[in-house]
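Reading the structure
The residues making up each chain are set out below.
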Amino acid sequence: MLSFRYYDFLVAGMVAVLLCSNLIGPGKVGVVELPLIGAFAFGAGNLFFPVAYIFGDVLTEVYGYARARRAIWAGFGAMIFATVMSAIVLAIPAHPDEPWNATLQPALEIVFGNTWRIVAASILAYWIGDFVNAYVMAKMKLWTQGRHLWMRTIGSTICGQGADSLIFYPIAFFGIWTNEALIAVVVFNFTMKVAVEVVMTPVTYAIVNGLKRAEGVDTFDTDTHFTPFSLKDEGRRRPLDEDRDPDLR
């Protein structure tokens, strides 16, 4: 297995963003005033969750599907651990002689006491959405012969975030929200997440190009087995050739 200088940092960053956007973000609905639109409400987590997909795009583009697959499983394991830890911490009886517990325990239950439907929906949607994103990204790289990075990042995000939104919201809120509200939220949040990817495209280009040069490789998944149920290191890594890759010029 090849050793890379920055791969571990990207995995750590992806997992950190994933945990924070799922644990901290959903606890608040924000509002901003936009010209011509007025008050604009949104779930705070939706502002940062797409960043995890950008990490996934960078990992797949530079290191290949197999390395991105390992990162996805790392995030999946972190979410499972955070869910179990939250349940245990909430279930432990608060000490009655500690005055701060009277304020802390209800606050913890509000922020981290998600229902089983929301927890299950969040974990399943992340797992499927991220694997769809990585698969489409890797396949499009083969189809385009490594050209048009912007097309791959946006196209894979549309597929991955589409799967994520279509799985999470119905599982978490079907029967609780009206069908009209459910559809509106799915469409809005999907659009917002894709918009973040589009806006961040220049940043993605800069990071990808910098990493390819720093690592000295470019990975194509010509012989990769695209099953998600593997941790095998695969992918054909070729020496970086800036003359052959127009996105690096």
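As the structure is a computational prediction, the values presented were derived from the model and not from experiment. By convention here, each chain's residues receive numbers from 1 onward along its written sequence. Confidence filtering applies because this is a predicted model: local features only for residues at pLDDT of at least 70, side-chain atom pairs given and counted only at 80 or more, and all residues used for totals across whole chains, interfaces and linings. With hydrogens and water set aside, each side-chain value is computed from the structure's full complement of heavy atoms.

1. Some points on the packing of helix H6 (residues 149-173) against helix H7 (residues 179-199)
Inter-axis angles, ranging from 0 to 180 degrees, are taken between N-to-C directions of lines fitted to C-alpha atoms, where helices are fitted over the stretch in contact. The way it works is that DSSP assigns letters per residue, a run of H or I at least four long becomes a helix, a run of E at least two long becomes a strand, and they are numbered from the N terminus. For the pair H6 and H7, interaxial distance at closest approach is 9 Å and the crossing angle is 150°. It follows that H6 is roughly antiparallel to H7 by the angle criterion. Relative to H7, the crossing made by H6 is right-handed. Residue-level inspection shows Thr-153, Ile-154, Thr-157, Ile-158, Gln-161, Gly-162, Asp-164, Ser-165, Leu-166, Tyr-169, Pro-170 and Phe-173 of H6 in contact with H7, the latter providing Leu-182, Val-185, Val-186, Asn-189, Phe-190, Lys-193, Val-194, Glu-197 and Val-198. Each residue gets one label: Ala, Val, Leu, Ile, Met, Phe, Trp, Tyr, Cys and Pro are nonpolar, Asp, Glu, Lys and Arg are charged, and the others, such as Gly, are polar. Taken together, the residues of the contact of H6 with H7 sort by class into twelve nonpolar, six polar and three charged. Note that the term roughly parallel is reserved for angles under 35 degrees, roughly antiparallel for angles over 145, roughly perpendicular for angles of 65 to 115, and oblique for everything else. Left-handed is the label given to a crossing in which the near helix is rotated counterclockwise from the far helix by less than a right angle, and right-handed is the label when the rotation is clockwise. Note on definitions: a residue-residue contact is assigned when non-hydrogen atoms from the two residues lie within 4.5 Å.

2. A closer look at the packing of H6 against helix H8 (residues 201-215)
Packing of H6 against H8 brings their axes to within 10 Å, and their N-to-C directions diverge by 120°. With respect to H8, the element H6 is oriented oblique. Crossing angle aside, the handedness with which H6 passes H8 is right-handed. Each of Leu-149, Trp-150, Thr-153 and Ile-154 in H6 lies in contact with H8, whose residues at this interface are Thr-201, Thr-204, Tyr-205 and Val-208. A class-by-class count of the residues in the contact of H6 with H8 yields five nonpolar, three polar and no charged.

3. A word on the UniProt feature "transmembrane region" (unreviewed entry) in the protein chain
UniProt positions are given in the numbering used here, feature names are shortened, and annotations may be inferred rather than shown by experiment. Under the UniProt annotation, the feature "transmembrane region" (unreviewed entry) is placed at residues 7-24, 36-59, 71-95 and 115-137. Structurally, residues 71-95 is divided into 84% helix and 0% strand, and its ends, taken at the C-alpha atoms, are 39 Å apart.

4. Brief notes about the environment of Ile-110
Locating Ile-110 in the fold gives a position in helix H4 (residues 100-112). For Ile-110 and Met-85, which are 25 residues apart along the polypeptide, the C-alpha to C-alpha distance reads 15 Å.

5. Considering the packing of aromatic side chains
Note on aromatic contacts: the rings of Phe and Tyr and the six-membered ring of Trp form a pair at centre separations within 6.5 Å, being stacked when their planes are under 30 degrees apart, edge-to-face when over 60 apart, and tilted otherwise. One pass over the structure, following the stated rule, counts 17 aromatic pairs. Seen in terms of ring centroids, Trp-127 and Phe-131 are 5.2 Å apart; in terms of plane orientation they differ by 70°. Their pairing is edge-to-face. Here Phe-131 and Trp-127 lie together in helix H5 (residues 116-143), a separation of four residues that amounts to about one turn. Only protein chains enter the accessibility calculation, which uses a 1.4 Å probe; a residue is then buried when its area is under 20% of its type maximum, exposed when over 50%, and partly exposed in between. Residue classification places Trp-127 among the buried positions, given a relative accessible area of 17%. Ring centres 5.2 Å apart and planes at 80° place the aromatic pair Tyr-135 and Phe-226 in the edge-to-face group. Remark: Phe-226 occurs in the loop between strand S3 (217-220) and strand S4 (236-239) and Tyr-135 occurs in helix H5; sequence separation between them is 91 residues. Judged by relative accessible area, which is 37%, Tyr-135 ranks as partly exposed.

6. Considerations on the layout of surface pockets
Think of a 1 Å grid over just the protein atoms. A cavity is a set of points where a 1.4 Å probe fits yet cannot get out, a pocket is an open set with protein on both sides within 12 Å along at least five of seven lines, and lining residues have an atom within 4 Å of a point. Grid points are joined across faces, edges and corners, and a volume is the space filled by probe spheres set on the points. For the second largest pocket, the calculated volume is near 160 Å³. Together, Leu-19, Leu-23, Ala-78, Phe-81, Ala-82, Met-85, Ser-86, Val-89, Leu-90, Leu-108 and Phe-112 line the second largest pocket. The biggest single contributor to the lining of the second largest pocket is helix H3 (residues 65-91), with seven residues. Per-class residue counts for the lining of the second largest pocket are ten nonpolar, one polar and no charged.

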